[in-house]
Amino acid sequence: MSSALTDLFPHPIVQAPMAGGVSVPQLAAAVSEAGGLGCLAAGYKTADGMYQEIKQLRGLTGRPFGVNLFMPQPEYADSSAVEVYAHQLAGEAAWYETELGDPDSGRDDGYDAKLAVLLDNPVPVVSFHFGVPAQDVLESLNRAGTLTLVTATTAEEALAVQRAGAAAVIAQGVEAGGHQGTHRDNPETDRAGIGLLSLVAQIRETVDIPVVAAGGIMRGSQIAAVLAAGADAAQLGTAFLATPESGANAVHKDALTNPLFVRTELTRAFSGRPARGLVNRFLREHGPYAPAAYPDVHHLTSPLRKAAAKAADAQGMALWAGQGHRMARDLPAAQLVEVLVAELAAARTALSSPCDTPDGGTAR
C-alpha cells in the first residue's frame, strides 16, 4: 500500500525510537541516509534536550526522520506500594552506594512543552507511546505537515488510534524489547500479549490506515513476513541497538549475544510498566514484587540503573531487548539497512518463485 508515510523512505524499515540514550542523532541519521526512517526518542528528555537533538540530526541528514513522545500517565493511587518497593530496594542502594530516586519526579514527561516545540519546528513524523493523543493534537500536527503514528498492542487499541485521526498505527507485538505501548496499564493483562504476526493480521482487518509492524524483527525475511501479513513497513529496535552508532552502553550491547543471557522476560522491576529485557539478577529478584506504578518506579530505580551502568554491572542494568536479541549483528547502521534490504529482496523472490516438487517439476 502506497501512503504518505511509506513515500517518505525508500525501504520499509523504521528504526525504533529507543529511549534512555540509545536513539541518538548519529543512529537516526545513518538509518535515514540509508533509506530507512531514523527516529529520535524524546522520552525522559527535556523539551530543550529534544530540540537540541533535532537540530543536531538535521545537521547530519536532509532525509525524513521521526520523533517519539511518551503520553502523560494518570496518577497512581496506591503510593504505599511504591514505598514498600523502595524498602525492598534499600539493599540495592547500599550495594551501589547511591540513593533511591524520588518517585514523585513527574508524570507527564514534559509532554505539552515538547508538543509546543514540535508545532513551532515541525518534523516529518511524530509517534506516540503509552496512549492516544487528543484528536486536536493530531490535527494540529497534521496542519503543521507532520505525519502521526501511535502504538497499539491490540486491534481495539488500533481502532482507537484510527478514530483519533492518526496517519498510521504501530502494531507492537509481545516479542518487542522495551516497554509495551499499551494504552492502559492493566496488571491483569500482563501475560496476555499478542504475537506480532497475529496482531498485524487482526489490525489489518480492523483499520484502514497504514500499519507498521514492531516486535522481535531482526532479519529481512521477517520483514517480508510482516509485509505479507498486511504491514506497510517494519520497525526494528534491538537490531539497531547493537550498531556502533547506537548510544547504548557497551555492556548492554555485549549482553545481547552473551551466552549468560539466554532469554527475555516482561517485567515491571525497573519502571513499574511491563517492559521486555534480558533476564538478569535484578529482574529475577525484584520483578515478582514490583508494583504497577509507572513512572514512579522508573524514577525510583533510575539512580540504581545509572550506578550499575557506571560499574559495568550487567546484573543490575535494565537490559531492554526483544526476543530476537541473539540474532543481533555488530554492523554499522547503514550497512545493516543494506543487509536487511538484500534479505528482504531474497525472501520476496523465494516467496514468488514456484516451489520444486519431489519429482522435479514445479508446484503452481
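Residues numbered from 1 in each chain as written. Predicted model: local features only at pLDDT ≥ 70, side-chain atom pairs only at ≥ 80, totals over all residues. Heavy atoms only, no water.

1. Points about the overall build of the protein chain
Here's step 1: A tally of helices and strands in the protein chain yields 14 helices and 13 strands.
Here's step 2: Relative to the compact-globule value of 21 Å for 364 residues, the protein chain shows a C-alpha radius of gyration of 20 Å, a close match.
Here's step 3: Expressed along its principal axes, the backbone C-alpha trace of the protein chain runs to roughly 70 × 50 × 40 Å.
Here's step 4: Within the protein chain, the fraction of its 364 residues that count as buried is 55%.
Here's step 5: Counted over contacts in the protein chain with a minimum sequence separation of 6, partners at least 24 positions apart contribute 68%.
Here's step 6: Total accessible area on the protein chain stands at roughly 15400 Å², and carbon and sulfur atoms take up 52% of it. (Helix = DSSP H or I, 4+ residues; strand = E, 2+ residues; numbered from the N terminus. Rg over C-alpha atoms; globule rule 2.2 N^0.38 Å. Buried < 20%, exposed > 50% of the residue type's maximum accessible area, 1.4 Å probe, protein only. Contact = heavy atoms within 4.5 Å. Areas by Shrake-Rupley, 256 points an atom, 1.4 Å probe, with all protein chains shown as cover.)

2. Side note on the packing of aromatic side chains
What describes a pair of aromatic rings is the distance from one ring centre to the other and the angle between the planes of the rings.
Here's step 1: Applying the stated criterion across every chain yields a total of six aromatic pairs.
Here's step 2: With 5.6 Å between their ring centres and 85° between their planes, Phe270 and Trp320 make a pair best called edge-to-face. With a gap of 50 residues between them, Phe270 in the loop between β10 (264-267) and β11 (275-278) and Trp320 in the loop between α13 (296-310) and α14 (333-352) connect regions that are remote in the sequence. As far as burial versus exposure is concerned, Phe270 and Trp320 are alike and both buried.
Here's step 3: Taken together, the aromatic side chains of Tyr44, Phe70, Phe130 and Tyr294 make up a single cluster linked through ring pairs. (Phe/Tyr/Trp six-rings, centres within 6.5 Å; stacked < 30°, edge-to-face > 60°.)

3. Brief notes about the packing of helix α1 (residues 25-33) against α14
Here's step 1: Remark: α1 packs on α14, axes separated minimally by 8 Å, with the N-to-C direction vectors making an angle of 35°. Relative to α14, α1 is oriented so that their crossing is right-handed. Where α1 abuts α14, its residues Leu27, Ala30 and Val31 lie against Ala333, Ala334 and Val337.
Here's step 2: Split into classes, the residues belonging to the contact of α1 with α14 amount to six nonpolar, no polar and no charged. (Axes fitted to C-alpha atoms, helices over the stretch in contact; angles between N-to-C directions. Left-handed = near helix turned anticlockwise from the far one by under 90°. Nonpolar A, V, L, I, M, F, W, Y, C, P; charged D, E, K, R; others polar.)

4. Quick notes on the pairing of strand β9 (residues 233-236)
Here's step 1: Side chains of β9 alternate between two faces, with Ala233 and Gln235 and Ala234 and Leu236 buried alike.
Here's step 2: In terms of strand pairing, strand β1 (residues 13-15) meets β9 through three bridges, oriented parallel. For Val14, the partnering residue across the bridge sits in β9 and is Gln235.
Here's step 3: In terms of strand pairing, strand β8 (residues 211-214) meets β9 through three bridges, oriented parallel. Counterpart to Ala214 in the pairing with β9 is Gln235. (Pairing = 2+ DSSP bridges.)

5. Topic: the sheet that holds β11
Here's step 1: Taken in spatial order, the three strands of this open sheet run β7-β11-β10, and their pairing is antiparallel. A strand with exactly one partner marks an edge of an open sheet, and here the two such strands are β7 (178-179) and β10.

6. Looking at the side chain of His298
Here's step 1: The residue His298 is located in helix α13 in this model.
Here's step 2: Every residue in contact with His298, bar those within four places of it in the chain, is listed here: Tyr44, Phe270, Ser271 and Arg305.

7. Examining the sheet that holds strand β2 (residues 38-41)
Here's step 1: The strand order across the open sheet formed by eight strands is β1-β9-β8-β6-β5-β4-β3-β2, and the pairing between neighbours is parallel. The sheet terminates laterally at β1 and β2, the two strands that pair on one side only. With direction set aside, neighbouring strand axes in the sheet form an average angle of 25°.
Here's step 2: Helix α2 (residues 47-60) rests against β2 and β3 (65-70) of the sheet, and its axis sits at about 170° to β3.
Here's step 3: In the packing of helix α6 (residues 135-143) onto the sheet, contacts are made with β4 (125-129) and β5 (147-152), and the angle to β4 comes to roughly 160°.

8. Observations regarding the environment of Val339
Here's step 1: Examined against the element boundaries, Val339 turns out to sit in helix α14.
Here's step 2: Note on Val339: relative accessible area 24%, which makes it partly exposed.
Here's step 3: With 119 residues separating them in the primary sequence, Val339 and Gly220 have C-alpha atoms 7.7 Å apart.

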